[in-house]
Amino acid sequence: MARLIAVPLFSTLIIAAMLLVLDRMLRLFDFVASEGGPVSVVWRMLANLLPEYLGLGIPIGLMLGVLLAFRKLATTSELDVLRGVGMSYGRLLRTPYLYAIALALLNLTIVGFVQPWARYNYEGLRFELRSGALGASIKIGEFTNLGNRMTLRIEESHEGGAELRGIFVRVARPNGGWLAATAERGQFLATDDPNTIIFRLTNGTLLHDQPGFRTPRTLSFSSHDLPIDLPKFGNFRARGGRDLERTLPELAIIGRDQGQTAETRASARANFHFRLVEVATMFLLPMLALALGVPPKRSTSALGVFLSIVMIVTYHKVNEYAEAFGSLGRVDPLIALWGPFLIFAGLVFWMYYTIAHVPGGQPIGALERMFDKGLKALVRYLPGRRRREKRA
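The rules behind the values
Residues numbered from 1 in each chain as written. Predicted model: local features only at pLDDT ≥ 70, side-chain atom pairs only at ≥ 80, totals over all residues. Heavy atoms only, no water. Patch = residues over 30% accessible without salt bridge, like charges linked within 9 Å, V, L, I, M, F, W, Y side chains within 5 Å. Areas by Shrake-Rupley, 256 points an atom, 1.4 Å probe, with all protein chains shown as cover. Salt bridge = Lys/Arg side-chain N within 4 Å of Asp/Glu carboxyl O. Helix = DSSP H or I, 4+ residues; strand = E, 2+ residues; numbered from the N terminus. Buried < 20%, exposed > 50% of the residue type's maximum accessible area, 1.4 Å probe, protein only. Core = buried A, V, L, I, M, F, W, Y, C linked by side-chain atoms within 4.5 Å. Contact = heavy atoms within 4.5 Å. Phe/Tyr/Trp six-rings, centres within 6.5 Å; stacked < 30°, edge-to-face > 60°. Lys NZ or Arg CZ within 6 Å of the ring centre and 35° of its normal. Pairing = 2+ DSSP bridges. Axes fitted to C-alpha atoms, helices over the stretch in contact; angles between N-to-C directions. 1 Å grid on protein atoms, 1.4 Å probe; cavity = no way out; pocket = protein on both sides within 12 Å on 5 of 7 lines; lining within 4 Å. Points joined across faces, edges and corners; volume = space filled by probe spheres on them. Nonpolar A, V, L, I, M, F, W, Y, C, P; charged D, E, K, R; others polar. Parallel < 35°, antiparallel > 145°, perpendicular 65-115°, else oblique. Left-handed = near helix turned anticlockwise from the far one by under 90°.

(A) Layout of a nonpolar patch on the surface. A cluster of nonpolar side chains, F10, I14 and M18, forms an exposed patch at the surface whose accessible area comes to about 320 Å². Mapped onto the secondary structure, M18 falls in helix α1 (residues 2-35).

(B) Local environment of the side chain of H316. Of note, H316 is situated in helix α9 (residues 303-327). The class for H316 is buried, based on a relative accessible area of 16%.

(C) Representation of the nonpolar core in the model. Core analysis: the biggest nonpolar cluster contains 55 residues, and L62, M63, Y89, L288 and L292 have the highest contact counts within it. Contributing elements (two or more residues each) for this core: α1, α2 (40-75), α4 (89-92), α5 (94-131), α7 (262-281), α8 (285-293), α9 and α10 (333-357). The element that contributes the greatest number of residues to this core is α10, accounting for 10 residues. Dropping the residues within four chain positions of it, L62 is found in contact with L9, Y99, A100, L103, M282 and L285. Ranked by size, the runner-up nonpolar core spans 16 residues in total, among them L152, I154, V171 and L206.

(D) Focus on the packing of aromatic side chains. Under the criterion given, the structure shown has 6 aromatic pairs. Here the aromatic rings of Y315 and F344 are separated by 4.4 Å at their centres, their planes lie at 10°, and the arrangement is stacked. Of this pair, Y315 sits in helix α9 while F344 sits in helix α10, and the two are 29 residues apart along the sequence. Each member of the pair Y315 and F344 is classed as buried. Arranged with centres 5.2 Å apart and planes meeting at 80°, the rings of W338 and F341 form a pair that is edge-to-face. Of the two residues, W338 and F341 are both situated in helix α10; the distance of 3 residues between them amounts to about one turn of the helix. Here the basic side chain of R217 rests over the ring of F213, its NZ or CZ set 4.0 Å away from the ring centre. The ring of W117 has R239 lying over it, and the distance from NZ or CZ to the ring centre is 4.0 Å.

(E) Focus on the environment of E323. Along the chain, the position of E323 falls in helix α9. By relative accessible area, which is 18% here, E323 ends up buried. Those residues in contact with E323, other than ones at most four positions away along the chain, are A270, N271, F274 and L337.

(F) Structural context of the pattern of salt bridges. For the coordinates displayed, the defined rule picks out 11 salt bridges. With a shortest N-O distance of 3.2 Å, R269 and D332 are connected by a salt bridge. Here the residue R269 occupies a position in helix α7, and D332 occupies one in the loop between α9 and α10, the gap between them amounting to 63 residues. Salt bridges linked by common partners bring E52, R119, E123 and R126 together as one network.

(G) Representation of the pairing of strand β5 (residues 196-209) in the model. Here strand β4 (residues 178-190) pairs with β5 via 12 bridges, running antiparallel. Looking across to β5, one finds that A190 is bridged to I197. Two elements, β5 and strand β6 (residues 217-229), share 12 bridges in a ladder whose sense is antiparallel. Looking at the pairing, G204 lines up with F221 of β6.

(H) View of the sheet that holds β6. Read across the open sheet, the 6 strands follow the order β1-β2-β3-β4-β5-β6; overall the sheet is antiparallel. Looking at strand neighbours, the two that pair on one side only are β1 (144-146) and β6, the edges of this open sheet. On average, adjacent strands in this sheet sit at an angle of 35° to one another, irrespective of strand direction.

(I) The arrangement of empty space enclosed by the protein in detail. Counted according to the given criterion, the structure contains 1 cavity of 30 Å³ or more. Each pocket or cavity is described by its volume, and for the largest cavity that value is around 40 Å³. In this structure, the largest cavity is lined by 11 residues; those nearest its centre are R71, L292, G293, S301 and G304. When residues of the lining of the largest cavity are traced back to their parent elements, those giving at least two are α2, α8 and α9. When grouped by side-chain class, the residues that make up the lining of the largest cavity number 6 nonpolar, 3 polar and 2 charged.

(J) Fine view of the packing of α8 against α10. In the contact formed by α8 and α10, the axes pass within 9 Å of each other and the chain directions differ by 50°. When the axis of α8 is compared with that of α10, the two are oblique. For the element pair α8 and α10, the recorded crossing hand is left-handed. On the side of α8, the interface is formed by M287, L288, L290, A291 and L292, while α10 contributes F344, V348, F349, M351, Y352 and I355. Grouping the constituent residues of the contact of α8 with α10 by class yields 11 nonpolar, no polar and no charged.

This is the structure:
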């Protein structure tokens, strides 16, 4: 049983994480390219999103792992043999519940402590990209603003940016003056001061103007070093600006802090109960997987697999809506989140009781029959089948 659960569980978890990462990766590449940041930051951002994806993928992986294990036992008649030698469904659920307990503790650690820090780091990377603190790239053939006082345009770049050609640069001075230069070639050089770099220009013309000059001064040069002060960037905000960035103990403290506004307390409590409900739901999944994974006799329909995904995704969306509603303060978050949980738990217990303790009970038997009739009707009216029946 442990081996039957492990293969689909980890396969589903890996596939789900990869699909979510690939979907976000394309958007992150577009975002990083538009902000002119280094490509390597994409992998750092994706790494900080993995805890969030694991928090969503672990319950689905557990559900499908247990469901497919029981489905395989049922379709190969091994489940009938196990039942025939006196093993009850409760006994068969011991191994799935060992998985559920271990994964629930792992998920609690992720959503309660790891994900808030990862989310904060992700938002910090977005802030640094937008501010240019990660090193904005200079786009060839376009005017690029470095800070508030410098404008740069480069026609050609060779040897990975070590040799620049067709250079125009304009620097505004704090006293109202300005300096502009054009050059055939240029090269950026580091200095001992990390806040200043040297832009070495070769074979060009420099134009300098100050408030006291009657006319701008012009200078032709074969080599000129232009010091450039790197722009200063603001610091990113402290962690905790959003509920997603707070750990479970922090949410509990804020939810009881009378010094906070009522809206802040309600929002913190709603997010706190949302995370706990998502973890508590994992203890219902083995029973639900058993009820949906065992098809009716002489049936090989995969309707239970489809229903399991629909039910868990729908319930997750209901929890998200309940969290948003509870954060408004109109309904106590305890009722808004745990009310749907009790309803869902009641449905799961009924389905499990039907299949485990009712003779011949099958909680999705009626749906299986409806699905089978609908599929047969659809096949019957397919254009190709109707022509074959007429020829016959």
